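Each chain is listed here by its residues.
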Amino acid sequence: MISYNNAPFQKKKDSRTELFLEIEKPELNPLPIERYELREYKMATVQKNCHVYYSGDKNYYSVPHNLIGKKVKLILTQNMVEVYHAQTRVALHQRSRKHYAYTTLKEHMPVNHTYNSNWSPEYFINWARSIGSSVEQCIKIILDRKQYPEQNYKSCIGVLTLAGKTSKERLNNACTRALAYDAVGYNQIKNILEKGLDKQTSLLDSIEVIPVEHENIRGSNYYA
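Residues numbered from 1 in each chain as written. Predicted model: local features only at pLDDT ≥ 70, side-chain atom pairs only at ≥ 80, totals over all residues. Heavy atoms only, no water.

> What should I look at first to understand the packing of helix H4 (residues 133-143) against helix H7 (residues 168-181) in this one?
A packed helix pair is summarised by two numbers, namely the angle formed by the two axes and the spacing between the axes. One can describe the packing of H4 onto H7 by two numbers: an axis separation of 7 Å at closest approach and a directional angle of 55°. One element, H4, and the other, H7, form an angle in the oblique class. For the pair H4 and H7, the sense of crossing is left-handed. Residues Ser133, Ser134, Val135, Gln137, Cys138 and Ile141 of H4 form the contact with H7, whose participating residues are Leu171, Asn172, Cys175, Thr176 and Leu179. When its residues are assigned to classes, the contact of H4 with H7 shows six nonpolar, five polar and no charged. (Axes fitted to C-alpha atoms, helices over the stretch in contact; angles between N-to-C directions. Helix = DSSP H or I, 4+ residues; strand = E, 2+ residues; numbered from the N terminus. Parallel < 35°, antiparallel > 145°, perpendicular 65-115°, else oblique. Left-handed = near helix turned anticlockwise from the far one by under 90°. Contact = heavy atoms within 4.5 Å. Nonpolar A, V, L, I, M, F, W, Y, C, P; charged D, E, K, R; others polar.)

Now the structure itself:
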């Protein structure tokens, strides 16, 4: 192959190697220092708590507060998350794969920020876990809904404080029933407690059996 490239053209005096060195080589740029990484592109809206949500990892990343309500582009690599607005990068974060985690830069938050810094998905999950496994499952479902985090947190607080109004055991039983009904939410769980359905030993106890009446069905009098 070397001899072929060094051989002159039939109708030209130059060889392939000479043309490469003269024309192409000066135009070549150095290879990138960093290895190429696959990128994922997503659009998101900056939420009221100055974060954007990435559903792939179930994580939140902070964005400057002046962009609340704005559409931004997320560019995700294996290790980093970039946030762009109007073709300008406005945030750069280390990518996290811990579900319900918040990655926050202090400078992104407004000076008069009153958001409870103790509130986080992990905070509510740990609180729920201390009450019971069914409560924990319900809280995780509520946190995973596509709403603003503040709305999720309000629902979480509503559910978790029901334990103080009843008991941990009753709330856990009510959440077990809500999971079975596939009706997880503050109003549904509160309704179960108010009706005392959590005290029933079987889920079937709450199902009202209505006898079927039909002319072809023999009643108990038939056998009397």
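Still to come is the rest of the account.
> Which parts of the structure should I look at to understand the sheet that holds strand E7 (residues 101-103)?
In a beta sheet, neighbouring strands are held together by backbone hydrogen bonds and run either parallel or antiparallel to one another. The three strands lie next to each other as E2-E3-E7, forming an open sheet whose pairing is mixed. In this open sheet, the two strands that pair with only one neighbour each are strand E2 (51-54) and E7. For this sheet, the mean angle separating the axes of adjacent strands, direction not counted, is 25°. Direction of pairing for strand E3 (residues 59-62) relative to E7: parallel, over a ladder of three bridges. Looking at the pairing, Tyr60 lines up with Tyr102 of E7. (Pairing = 2+ DSSP bridges.)

> What is the right way to look at the packing of aromatic side chains in this model?
The description of an aromatic ring pair rests on the distance of the ring centres and on the angle between the ring planes. Across all of its chains, the model carries six aromatic pairs by this definition. Feature note: the residues Tyr123, Phe124, Trp127 and Tyr153 constitute an aromatic cluster, connected by ring pairs. (Phe/Tyr/Trp six-rings, centres within 6.5 Å; stacked < 30°, edge-to-face > 60°.)

> Where do I start with the nonpolar core in this structure?
Note on soluble globular proteins: their nonpolar side chains tend to be buried together. Ranked by internal contacts, the top residues of the largest apolar core, which has 25 residues, are Val135, Ile139, Leu143, Leu160, Leu171 and Ile189. Counting residues per element, this core draws most heavily on H4, which supplies five residues. Core analysis: the second largest hydrophobic core is formed by 13 residues, Ala44, Tyr61, Val72 and Ala91 among them. (Core = buried A, V, L, I, M, F, W, Y, C linked by side-chain atoms within 4.5 Å. Buried < 20%, exposed > 50% of the residue type's maximum accessible area, 1.4 Å probe, protein only.)

> I'm lost on the environment of Thr17 in this one. Help?
Relative to the elements of secondary structure, Thr17 occurs in helix H2 (residues 16-24). Between the C-alpha atoms of Thr17 and Asn6, which are 11 residues apart in sequence, the distance is 5.6 Å. In this view, Thr17 contacts Asn5 and Asn6; residues no more than four positions away in its chain are not counted.

> How should the pattern of salt bridges be read in this particular structure?
Close approach of charged atoms allows side chains of opposite charge to pair. Going through the model one piece at a time under the given rule, you end up with nine salt bridges. Note that Asp198 and Arg170 form a salt bridge whose closest N and O atoms lie 2.7 Å from each other. Of this pair, Asp198 sits in the segment after helix H8 (186-194) while Arg170 sits in helix H7, and the two are 28 residues apart along the sequence. Residue classification places Asp198 among the buried residues on the basis of a relative accessible area of 4%. Arg170 gets classed as partly exposed once you look at its relative accessible area, which sits at 21%. With its nearest N and O atoms 3.9 Å apart, the salt bridge here joins Glu194 to Lys190. Placement of the pair is Glu194 and Lys190 together in helix H8, with a separation of four residues, close to one helical turn. Since its relative accessible area comes to 58%, Glu194 is described here as exposed. (Salt bridge = Lys/Arg side-chain N within 4 Å of Asp/Glu carboxyl O.)

> Honestly, the packing of H7 against H8 in this entry has me stumped. Any pointers?
It is the contact of H7 with H8, at a shortest axis distance of 9 Å, that shows an interaxial angle of 120°. Considering their axes alone, H7 and H8 lie oblique with respect to each other. The chirality of how H7 crosses H8 is right-handed. Across from Arg170, Leu171, Ala174, Cys175, Arg177, Ala178 and Tyr181 in H7, the residues of H8 making contact are Ile189, Ile192 and Leu193. Its residues placed into classes, the contact of H7 with H8 shows eight nonpolar, no polar and two charged.

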